[in-house]
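Take a look at the letters that make up each chain.
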Amino acid sequence: MVVDSGKRALVVGATGSVGGLAAEALRARGAATALAGRNRERLVQRAELMGGCPYRRFEAYDLASCAGLAPWARDVLGGLDVVVVAVGAAGFSVARDVPEEVSEHLLTVNAQAPMAVVRGALRVLSTGSAVSVVTGAIVDRPMLETADYAASKTALATWLAVVGRETRRAGISVLDVRMPHLANGFAERPVMGHAPVLPAGLDPAEAVETHVIAPLMASLGAAAPR
Ligand SMILES: NC(=O)c1ccc[n+]([C@@H]2O[C@H](COP(=O)([O-])OP(=O)(O)OC[C@H]3O[C@@H](n4cnc5c(N)ncnc54)[C@H](OP(=O)(O)O)[C@@H]3O)[C@@H](O)[C@H]2O)c1
């Protein structure tokens, strides 16, 4: 499928595996794409790989900067139709041993920052647009030693569910991507602890197509074959 020519997309977390793949996939479908990420080197590299597209740095703890990303993208792209949010960090431990700063980190990066990005987006998106936010399969199947990580993702999922109901009448789709475990090393770079035994990870590119891009295309009503 192709996105109608003229569609404009913002990918937040474009320096990561899922965000990077989503950005490439949207560009391949004809969307003008703007990127947001934290790591400057990876952000510049990704923007260059994508033909010199606009990019902006942000930090999850600066919630005002998160909320400002969609208005920025709207300005640089001349409008905005799609927002993908793929920001996140994992952390593993029995709840008793999680330091408060780690709990705060997980709640901020996995819940508050994506919420701020989406809140900013809702102020500039109009009918026919879509927001896709990666939560995770953990919302449906929380495991031992993931209480704070699972809570952060579940908070985000609940928030998205309410927002989706609020925006339906305005014609803005809000998609909650309960991404399964991927073979991209995400669970091996937690801010704390070690991942529990997990099933074999899915191929990241295939999973992004299935869980992020296909639902987005459906919600945008894209019709033409790729
Ligand atoms: N991979 C999986 O198995 C899996 C499964 C289910 C759900 N998910 C979810 O999918 C999303 C993307 O994961 P991924 O696999 O693409 O992981 P990833 O490659 O580690 O990407 C994580 C992204 O989050 C950004 N980020 C982390 N901390 C940040 C902070 N303090 N401020 C701003 N940005 C920050 C990173 O930015 P920088 O790189 O610029 O630092 C990067 O863009 C996450 O929400 C994750 O929970 C992943």
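Calculation notes
- Residues numbered from 1 in each chain as written.
- Predicted model: local features only at pLDDT ≥ 70, side-chain atom pairs only at ≥ 80, totals over all residues.
- Heavy atoms only, no water.
- Near = heavy atom within 4 Å.
- Polar contact = N/O pair within 3.5 Å; in protein donor to acceptor, adjacent residues only side chain to side chain.
- Areas by Shrake-Rupley, 256 points an atom, 1.4 Å probe, with all protein chains shown as cover.
- Helix = DSSP H or I, 4+ residues; strand = E, 2+ residues; numbered from the N terminus.
- Nonpolar A, V, L, I, M, F, W, Y, C, P; charged D, E, K, R; others polar.
- Buried < 20%, exposed > 50% of the residue type's maximum accessible area, 1.4 Å probe, protein only.
- Pairing = 2+ DSSP bridges.
- Right-handed = clockwise from strand over helix to strand, strands pointing away.
- Expected span 1.5 Å × (residues − 1).
- Contact = heavy atoms within 4.5 Å.

Asks: For this particular structure, what's the right way to read the site of the ligand?
Replies: Near the ligand you find 27 residues, and of these Thr-15, Asn-39, Lys-153, Leu-182 and Asn-184 are the closest. Note that an oxygen atom of the ligand is positioned 2.8 Å from one of the side-chain N or O atoms of Arg-42. In this structure, an oxygen atom belonging to the ligand sits 3.0 Å away from a side-chain N or O atom of Arg-189. Contact with the protein chains hides 93% of the accessible area of the ligand, taken as 890 Å² for the molecule alone. Those elements that place two or more of their residues in the shell around the ligand are α1 (17-28) and α6 (147-168). Taken together, the residues that form the shell around the ligand break down as 12 nonpolar, 10 polar and five charged.

Asks: Help me understand the pairing of strand β4 (residues 82-85) in this model?
Replies: Moving residue by residue along a regular strand, the side chains alternate between the two faces of the sheet. Every second residue of β4 is oriented toward a common face, with Val-82 and Val-84 on one face and Val-83 and Val-85 on the other, all of them buried. As paired strands, strand β1 (residues 8-12) and β4 are joined by four bridges and run parallel to one another. Paired with Leu-10 across the two strands is Val-83, which belongs to β4. Sheet analysis places β4 next to strand β5 (residues 130-134), joined by four bridges and oriented parallel. By the bridge assignment, Val-82 is partnered in β5 with Ala-130. Regarding the hand of the β-α-β motif, the stretch spanning β4, helix α5 (residues 100-122) and β5 is right-handed.

Asks: I keep staring at α6 and nothing clicks. Help me out?
Replies: In an α-helix, one turn spans 3.6 residues, which is why side chains three or four residues apart end up on the same side. The first and last C-alpha atoms of α6 sit 31 Å apart over 22 residues, in line with the 32 Å expected at 1.5 Å per residue. Among the residues of α6, those classed as buried are Asp-148, Tyr-149, Ala-150, Ser-152, Lys-153, Leu-156, Ala-157, Trp-159, Leu-160, Val-163, Gly-164 and Thr-167. For α6, the secondary structure elements touched by its buried residues are α5, β5 and β6 (173-177).

Asks: Mind showing me how you'd approach unusual backbone geometry here?
Replies: Most peptide bonds adopt trans geometry, and most residues besides glycine take a negative phi value. Backbone geometry places Glu-145, a non-glycine residue, at a positive phi of 70 degrees. Here Glu-145 is to be found in the loop between β5 and α6.

Asks: What am I meant to see in the pairing of strand β2 (residues 32-37) here?
Replies: With five of six residues buried, β2 is to be regarded as a mostly interior element. Sheet topology places β1 next to β2; five bridges connect them, and they run parallel. Looking across to β2, one finds that Arg-8 is bridged to Ala-32. Since β1 and β2 lie parallel, the crossover through α1 that links them has a hand, and here it is right-handed. By the bridge criterion, three bridges tie β2 to strand β3 (residues 55-57) in an arrangement that is parallel. In the sheet register, Leu-35 faces β3, and the bridge partner there is Tyr-55. At this point the chain moves from β2, through helix α2 (residues 40-49), to the parallel β3, and the crossover so formed is right-handed.

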